[in-house]
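Breakdown of the fold
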Amino acid sequence: MSTAAPGVTEVELAIGGMTCASCAARIERKLNRMDGVTATVNYATEKAKVSYAGQVTVPDLIATVEATGYTAREPEPPRAARQDAPPETADELKPLRERLITAVVLAVPVIAMAMVPALQFEYWQWLSLTLAAPVVTYAAWPFHRAAWTNARHGAATMDTLISVGTAAAFLWSLWALFLGSAGTPGMTHPFELTVERSDGAANIYLEAAAGVTAFILAGRYFEARSKRKAGAALRALMELGAKDVTVLRDGTEVRVPVAELRTGERFLVRPGEKIATDGTVVEGSSAVDASMLTGESVPVEVGVGDPVTGATVNAGGRLVVEATRVGADTQLARMARLVEDAQNGKAAAQRLADRISGVFVPVVIALALGTLGFWLGNGAGLTAAFTAAVAVLIIACPCALGLATPTALLVGTGRGAQLGILIKGPEVLESTRRVDTVLLDKTGTVTTGRMTLLAVHTADGTDESEVLRLAGALENASEHPIGRAVAAGAGAAERTGALPVPEDFAGIPGLGVRGVVEGHTVLVGREQLLDLPGGATGLPASLKEAKAAAEAAGRTAIAVAWDGEARAVLEVADAVKDTSAEAVRRLRALGLRPVLLTGDNRAVAEAVAREAGIDEVIAEVLPEEKAEVVRRLQAQGRTVAMVGDGVNDAAALAQADLGLAMGTGTDAAIEAADLTLVRGDLRAAADAIRLSRRTLGTIKSNLFWAFAYNVAALPLAAAGLLNPMIAGAAMAFSSVFVVGNSLRLRGFRAAG
């Protein structure tokens, strides 16, 4: 709970019992009717973010949600939630999985007996009733409960249609078995497709009731399994921080959990360790790799008096840091809150089936009542009138509709997984159609995310292979990321052979390294290193020009000297991936406007943008400002996709209309995104958007045909001309069509 403004309090509630996006909209309306309350309810994250003032209390808010037919509670704090062993999702899935297994095992023989006359032995209809009863009662109970909740509030959704249709089919079958002629031993459903009026006393629809329940439970189960959870992103963010810290107490090193660290205490950070919390360096100097948090590709040199951020990595020497912020005040914790706020504020895409059902259900119920009234008024008799009315409800029962979304989603996501694209759920797909702007993070997304030796400029008379051999040998003993890049570049140049071992190696903080290699006194580092006692002559004019050009292009220029003479300049930078330019062309071909978004300096950003073919650059953006950039573009009417890989991108990924995370990035980014690109290849972003759009198109065509079959058959049902074989055949054919249409997604190919 937090205070947003004077007199206004914010609270977040975990909401239970929602089955569709219209449930979230109903809770939101009820909460917003309360005096002094502003609420947003997110179906995807199952949370409500509420601002309230005046006499309203949290119990009042919870009572309002419960009066609407749902549950509400204040969620566990992220740290407590992280320590809970069983994930929340697993507990939710268990009862749904049990109902699904029950429905499938029992429904299959019921459908087989109804559709294959050869299986209709003397008392087959009574076995069908025995098998179908648990499916329609126990397995379908969530639909009946949701339909009742909806009815109490004057609403109709997909659950209403399922509940009414399956109940009508089952109750009519009970009437036909016990009071009609369907229970007669030896009764069969002949395989004939005649259109004729009957009193329905010999017709049972148990396969429709059981089959629809099984199909739609399968869809709900796969949806629940893939639904994105805000808690997973927050857990991933919190896991990034250090778990333990070496605190200096009374001159002694004591290892304690990070939670016990207090503001003002001093702690030790060894090379390679994560910095435990935000603080100020009081002893030592080092290079700190902050790319995960800030997007800066070049490690930051820190010394006494410099601030450092928790969860960044000490890449060089030993540091003693005084803690300035701990717990919820750290930058990492603030970013976790940004992710959570962005996910809560993100409007969940309204489910297409629910929107259609909201209109279709009342129309069908009205048509069924009209049919009943019409036939009673025309003297057709009570039985014939009820047969026609129930036939209307049964043919409207959405067997194909229940398959429309899950089959397309399963095939689409399965094909995506084969191509290295993970789609997290159906709510993702609608955004891909509308996206017009794509923000691309620089470090690790457009670029490789690691320092690379890109060029070698030598002075007259100096051999490039000798430069690489001597500089690479010296830097091979260094732990600095730039040094490792030089060593890796030298090692990759096969002509240099095996790198020799340096002697008298020494690091000069903030400047570079020196040592003796094969009898030569070698210096590698910044130009200022050459001016130190025992250094070397300054850079000649040609190397000065090369250094200036490299720095203008946003690269890091490293001087190399030996035996008192400057010999070369090395260019080191975070290299643009080979595939990035092609990826940008493909994104443009999809009608998207690419924008480079980075925390790095403008010179570096513009150099990378030129190489990748990106025209628009937003640079020098702090991590917490990235989500604000997304909001600003959304306020301008743009629909924004964000592609990123770091913790600094997590809030922006969650805030964007469509978030795409590189699978080579951090867990926090992956959890906050809607799509994950497993390969870490930016070209997959274009393929992901194409596949998502194709999957969405398939879902829409499935929904159209699913309803088209039902609507086409409704006049026959209302006229009392629909026998069970036609109903069964129409339902089976529509289902086969929907599945076949979905299977076409298996033919999707990645571009190029």
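Calculation criteria
- Residues numbered from 1 in each chain as written.
- Predicted model: local features only at pLDDT ≥ 70, side-chain atom pairs only at ≥ 80, totals over all residues.
- Heavy atoms only, no water.
- Pairing = 2+ DSSP bridges.
- Helix = DSSP H or I, 4+ residues; strand = E, 2+ residues; numbered from the N terminus.
- Axes fitted to C-alpha atoms, helices over the stretch in contact; angles between N-to-C directions.
- Contact = heavy atoms within 4.5 Å.
- Buried < 20%, exposed > 50% of the residue type's maximum accessible area, 1.4 Å probe, protein only.
- Core = buried A, V, L, I, M, F, W, Y, C linked by side-chain atoms within 4.5 Å.
- UniProt positions renumbered as here; feature names shortened; annotations may be inferred.
- Parallel < 35°, antiparallel > 145°, perpendicular 65-115°, else oblique.
- Nonpolar A, V, L, I, M, F, W, Y, C, P; charged D, E, K, R; others polar.
- pLDDT = per-residue confidence, 0-100.
- Phe/Tyr/Trp six-rings, centres within 6.5 Å; stacked < 30°, edge-to-face > 60°.
- Expected span 1.5 Å × (residues − 1).

Next up on the list: the sheet that holds strand E22 (residues 565-576). Read from one edge of the open sheet, six strands run E17-E22-E21-E20-E19-E18, paired in antiparallel fashion. Looking along the sheet, the strands with just one partner apiece sit at the ends: strand E17 (447-458) and strand E18 (503-508). Across this sheet, the average inter-strand angle for adjacent strands is 20°, counted without regard to direction. Inspection of the sheet shows strand E19 (residues 512-517) paired to strand E20 (residues 520-525) by six bridges, in the antiparallel sense. Paired with Val-513 across the bridge in E20 is Val-524. Those strands touched by helix H17 (residues 464-475) are E17, E18, E19, E20, strand E21 (556-562) and E22, and its axis lies near 80° from that of E20. Packed on one face of the sheet, helix H19 (residues 541-552) meets E17, E21 and E22 and runs near 15° to E22.

We note that Asp-504 has phi near 50°; this positive angle belongs to a residue other than glycine. Its place among the elements puts Asp-504 in strand E18. Here Asp-504 falls in the exposed class, since its relative accessible area comes to 63%. Unusually for a residue other than glycine, Glu-620 sits at a positive phi of about 55°. Along the chain, the position of Glu-620 falls in the loop between strand E24 (616-618) and helix H22 (623-635). When its relative accessible area of 52% is taken as the criterion, Glu-620 is described as exposed.

Next up on the list: the nonpolar core. In terms of nonpolar packing, the biggest core is built from 54 residues, with Ile-204, Leu-206, Leu-217 and Val-392 touching the most fellow members. Non-local contacts of Leu-206, meaning those with residues more than four positions away in its chain, are made with Val-110, Gln-125, Ser-128, Leu-129, Ala-132, Phe-170, Ser-173 and Leu-177. The next biggest cluster of nonpolar side chains, apart from the first, holds 47 residues, and it includes Leu-409, Val-617, Leu-658 and Ile-699.

A few words on the sheet that holds strand E9 (residues 278-283). One open sheet accounts for six strands, arranged E7-E6-E8-E14-E9-E12; its pairing is antiparallel. At either margin of the open sheet sits one strand with a lone partner, and together these are strand E7 (252-257) and strand E12 (307-308). Alignment of E9 against strand E14 (residues 319-325), held across five bridges, turns out to be antiparallel. If you follow Asp-278 over to E14, its bridge partner there is Arg-325.

The next point concerns the UniProt feature "transmembrane region" (unreviewed entry) in the protein. Residues annotated by UniProt as "transmembrane region" (unreviewed entry) correspond here to residues 100-117, 123-141, 161-182, 202-222, 356-376, 382-405, 702-719 and 725-743. Span residues 123-141 is 89% helix and 0% strand, its end C-alpha atoms 27 Å apart. In residues 702-719, helix accounts for 94% and strand for 0%; the two terminal C-alpha atoms are 27 Å from one another.

Let us look at the packing of helix H5 (residues 124-139) against helix H6 (residues 141-152). The interhelical angle for the contact between H5 and H6, taken along N-to-C directions, is 45°, at an axis separation of 5 Å. When the axes of H5 and H6 are compared, the pair comes out oblique. Residue-level contacts link Val-136, Thr-137, Tyr-138 and Ala-139 of H5 to Trp-141, Pro-142 and His-144 of H6. Class assignment for the residues of the contact of H5 with H6 results in five nonpolar, two polar and no charged.

This part is about the confidence of the model for the protein. In this model, the protein carries an average pLDDT of 79, and 81% of its residues clear a pLDDT of 70 or more. When mean pLDDT is taken per element in the protein, H5 scores highest with 94 and helix H3 (residues 78-83) scores lowest with 41. Counting interchain partners and residues more than four positions distant, the pLDDT-below-50 stretch residues 78-90 has nine contacts. Below pLDDT 50 for its whole length, residues 344-350 participates in 23 contacts with residues either more than four positions away or in separate chains.

Here we take up the packing of aromatic side chains. Scanning the model with the defined rule gives three aromatic pairs in all. Summarising the aromatic geometry, the rings of Trp-126 and Phe-178 are spaced 5.3 Å apart at their centres and angled 75° between planes, so their arrangement reads as edge-to-face. Placement of Trp-126 in helix H5 and of Phe-178 in helix H7 (residues 158-178) is noted, with a sequence separation of 52 residues between them. By relative accessible area, which is 25% here, Trp-126 ends up partly exposed.

Turning our eyes to something else, we now look at the pairing of strand E4 (residues 47-52). Among the six residues of E4, five are classified as buried, and the element is accordingly described as predominantly covered. Two strands pair when backbone bridges link them, and strand E2 (residues 8-16) and E4 are joined in this way by six bridges, in the antiparallel orientation. Bridge pairing links Ala-14 to Lys-47 in E4. With six bridges connecting them, strand E3 (residues 37-42) and E4 associate as antiparallel partners. Considered in E4, the bridge of Val-37 is made with Tyr-52.

Right, let's talk about H17 for a bit. Along its twelve residues, H17 runs 16 Å from first to last C-alpha, staying within 8% of the 16 Å computed at 1.5 Å per residue. Here H17 lies mainly inside the structure; nine of its twelve residues are buried. Here H17 has its buried residues at Ser-465, Val-467, Leu-468, Leu-470, Ala-471, Gly-472, Ala-473, Leu-474 and Glu-475.

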